[in-house]
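Residues per chain are reported as follows:
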Amino acid sequence: QVQLVESGGGLVQAGGSLRLSCAASGSIGSIKIMGWYRQAPGKQRELVARVTSGDDTNYADSVKGRFTISRDNAKNTVDLQMNSLKLEDTAVYYCNVATVGENAWGKGTLVTVSS
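What comes next is a walk through the structure. Predicted model, so just to flag it, every value in this text is computed and none were measured.

### Points about the state of the cysteines
- For the structure shown, the criterion picks out 1 disulfide.
- The partner cysteine of Cys22 in its disulfide is Cys95, sulfur to sulfur 2.1 Å. The chirality of the disulfide connecting Cys22 with Cys95 is left-handed, given an S-S dihedral of about -85°. Of this pair, Cys22 sits in strand β3 (residues 18-26) while Cys95 sits in strand β9 (residues 91-99), and the two are 73 residues apart along the sequence.

### Overview of the side chain of Arg71
- Inspection of the secondary structure puts Arg71 in strand β7 (residues 67-72).
- A polar side-chain atom of Arg71 sits 3.5 Å from the main-chain carbonyl oxygen of Lys32.
- A polar contact of 3.0 Å, which involves the side chain of Arg71, links it to the backbone oxygen of Thr52.
- Each residue touching Arg71, except ones within four places of it in the same chain, is listed here: Ile31, Lys32, Ile33, Met34, Val51, Thr52, Ser53, Asp55, Thr77 and Val78.

### Quick notes on the side chain of Thr109
- Mapped onto the elements of the fold, Thr109 is located in strand β11 (residues 109-114).
- What makes Thr109 buried here is its relative accessible area of 11%.
- At 3.3 Å, the side chain of Thr109 and the backbone nitrogen of Gly9 are in polar contact.
- Among residues more than four places away in sequence, those in contact with Thr109 are Glu6, Gly9, Leu20, Trp36, Ala91, Val92 and Tyr93.

### Quick look at the environment of Ser17
- Here Ser17 is to be found in the loop between β2 (10-13) and β3.
- When its relative accessible area of 39% is taken as the criterion, Ser17 is described as partly exposed.
- Ser17 sits 69 residues away from Lys86 along the chain, and the two C-alpha atoms are 9.8 Å apart.
- Residues in contact with Ser17, not counting those within four places in the same chain, are Val12, Gln81, Met82, Asn83, Ser84 and Leu85.
- Of the polar contacts made by the side chain of Ser17, one reaches the side chain of Asn83; its length is 2.9 Å.

### Re the pairing of β11
- Burial along β11 is one-sided: the face carrying Thr109, Val111 and Val113 is buried and the face carrying Leu110, Thr112 and Ser114 is not.
- Where β2 meets β11, 4 bridges bridge the pair, whose relative direction is parallel. Looking across to β11, one finds that Gly10 is bridged to Val111.
- Pairing analysis gives 3 bridges linking β9 to β11, with the strands arranged antiparallel. Across the sheet, residue Val92 finds its bridge partner in β11, namely Leu110.

About the criteria used
Residues numbered from 1 in each chain as written. Predicted model: local features only at pLDDT ≥ 70, side-chain atom pairs only at ≥ 80, totals over all residues. Heavy atoms only, no water. Disulfide = S-S within 2.5 Å. Helix = DSSP H or I, 4+ residues; strand = E, 2+ residues; numbered from the N terminus. Polar contact = N/O pair within 3.5 Å; in protein donor to acceptor, adjacent residues only side chain to side chain. Contact = heavy atoms within 4.5 Å. Buried < 20%, exposed > 50% of the residue type's maximum accessible area, 1.4 Å probe, protein only. Pairing = 2+ DSSP bridges.

Here it is in structure tokens:
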């Protein structure tokens, strides 16, 4: 199984920045896609950003131009740089890794944006 450890969440003022990191370990095999999702209170989990093994990226429209996803294939890590944070970015952020045989989720890290 794949284990994911997330870090970097916390409290930040609107307009500020945070960087989330996720490290994958265990039965990794060949990682296809690494990404970040988020779930705000009372809402469904949604894709924030993801990056393929070929470095193709997808972003939610709401974060384009503000968030940047990056991965290090040698270290099996994926980071999410979040700039110009808004109140509506408040959510639990989950790391997701898709391998050939597994779709793994982290436990989540809370990001709170205050006014």
